[in-house]
Amino acid sequence: MAQIQLNILGETMQAGVEGLKYAAHKGLAVVIMEPLMGGYLLNNIPAEVNELIQSYPEKRSLVEWCFRWLYNMPETSVILSGTSSLAQLKENLRIFDHAAPNVMSDEDQEFIHKIRDAFESKKSIGCTGCWYCMPCPQGVAIPEIFKLYNSYQLMNDPHDKLMYPGRRRPLARGSHARLLSTFLA
Ligand code: SF4
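Residues numbered from 1 in each chain as written. Predicted model: local features only at pLDDT ≥ 70, side-chain atom pairs only at ≥ 80, totals over all residues.

Caption draft 1: Layout of the sheet that holds strand β3 (residues 76-79). Taking strand neighbours across the sheet as the criterion, the three strands line up as β1-β2-β3 in an open arrangement whose pairing is parallel. Only two strands of the sheet have a single neighbouring strand rather than two, namely β1 (2-5) and β3. Going from strand to strand, the sheet's axes swing by 35° on average, the running direction of each strand aside. Note: β1 against strand β2 (residues 30-33), four bridges, orientation parallel. Note on β2: the bridge partner recorded for Q3 is V31. Helix α4 (residues 62-71) rests against β2 and β3 of the sheet, and its axis sits at about 150° to β3. (Pairing = 2+ DSSP bridges. Helix = DSSP H or I, 4+ residues; strand = E, 2+ residues; numbered from the N terminus. Axes fitted to C-alpha atoms, helices over the stretch in contact; angles between N-to-C directions. Contact = placed C-beta atoms within 7 Å.)

Right, here's the structure in full:
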C-alpha cells in the first residue's frame, strides 16, 4: 500500500499523478490524503473559481469536483477525507455514493484545469500545510505564516496581516521571518 498527498492543485507536487500511476502500476493500492488540502481549498475560494463553477453546465460544488477528479482516476484506491460536522459527512457520503472511475469527460478535465489556473493565479507560495518542515530550528511557524500569506493574496483580508505577529514564535528571528516580514509589510 502507498499513501500519497494529492488534490486538484497538486497534480505535479510530491508524488503527484505520476506517482499515483507508478504505484498502481507496481500493484500497490494507493491511498490519497489531503484531497482538499486540509480544507485550504474550500476556505480560500477565489471569486474567479466561484464564477467558473456557477457558469459550468454541470452543477457541482467545488468539494465534489475535487473528489470527482480523484476517484475518476482508476489508480485511486481510497480517498481519506476528514470531516468536522455531520453535514460534511453526509455530503461526502452523497458524493461518494456516485463514485466511479472514468466518469469525467474531456470538457470536465479542461474545467478542472481552469479551476487550477484560477487558484494558481492567486496563490503565491505552494505550501500545503503538511508540517513536514516543523519544528523549525529558528522557531518560525512556517506553514502557519505561509498560510496567512497565501490567504492574504487570495482574499486580500487585512485580518490576515493582523494575525501575523501572533503566529511568530518567540525565537522567530531567522531569515524566513525577516523575509516574510518584508512580504507582509
Ligand atoms: S513549507 Fe513546510 S508545511 Fe509547507 S509544504 Fe513545505 S514542508 Fe509542508
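Caption draft 2: Summary view of the site of the ligand. In the vicinity of the ligand, the contacting residues are C127, T128, G129, C130, W131, Y132, C133, I142, P143 and F146. Considering only residue class, the shell around the ligand consists of eight nonpolar, two polar and no charged. (Near = placed C-beta within 6 Å. Nonpolar A, V, L, I, M, F, W, Y, C, P; charged D, E, K, R; others polar.)

Caption draft 3: Focus on α4. With seven of its ten residues buried, α4 lies for the most part within the structure. Among the structural elements, β2, α2 (40-43), β3, α5 (86-96) and α6 (106-122) are those in contact with the buried residues of α4. (Buried ≥ 20, exposed ≤ 12 C-beta atoms within 10 Å, placed from the backbone.)

Caption draft 4: Local environment of the nonpolar core. C66, F67, L70 and I115 are the most contacted members of the largest nonpolar core, which totals 22 residues. Ranked by residue count, the leading element in this core is α4, at six residues. Apart from residues no more than four positions distant in its own chain, F67 is found in contact with P35, I79, I95 and F96. Residues V140, A141, I145 and L148 belong to the second largest nonpolar core, which totals six residues. (Core = buried A, V, L, I, M, F, W, Y, C linked by C-beta atoms within 7 Å.)

Caption draft 5: Up close: the pairing of β2. The side-chain alternation of β2 yields one buried face, formed by V30 and I32, and one unburied face, formed by V31 and M33. Regarding topology, helix α1 (residues 16-25) serves as the crossover connection from β1 to the parallel β2, and that connection is right-handed. (Right-handed = clockwise from strand over helix to strand, strands pointing away.)

Caption draft 6: Looking closely at unusual backbone geometry. In this structure, the amide linkage connecting M134 to the following residue, P135, adopts the cis form with an omega of 0°. By secondary structure assignment, the location of P135 is in the loop between α6 and α7 (142-155). Positive phi values are uncommon outside glycine, yet N102 reaches one of about 60°. Looking at the element boundaries, N102 is found in the loop between α5 and α6. A positive phi angle, near 70°, is found at W131, a position not held by glycine. Relative to the helices and strands, W131 is located in the loop between α6 and α7.

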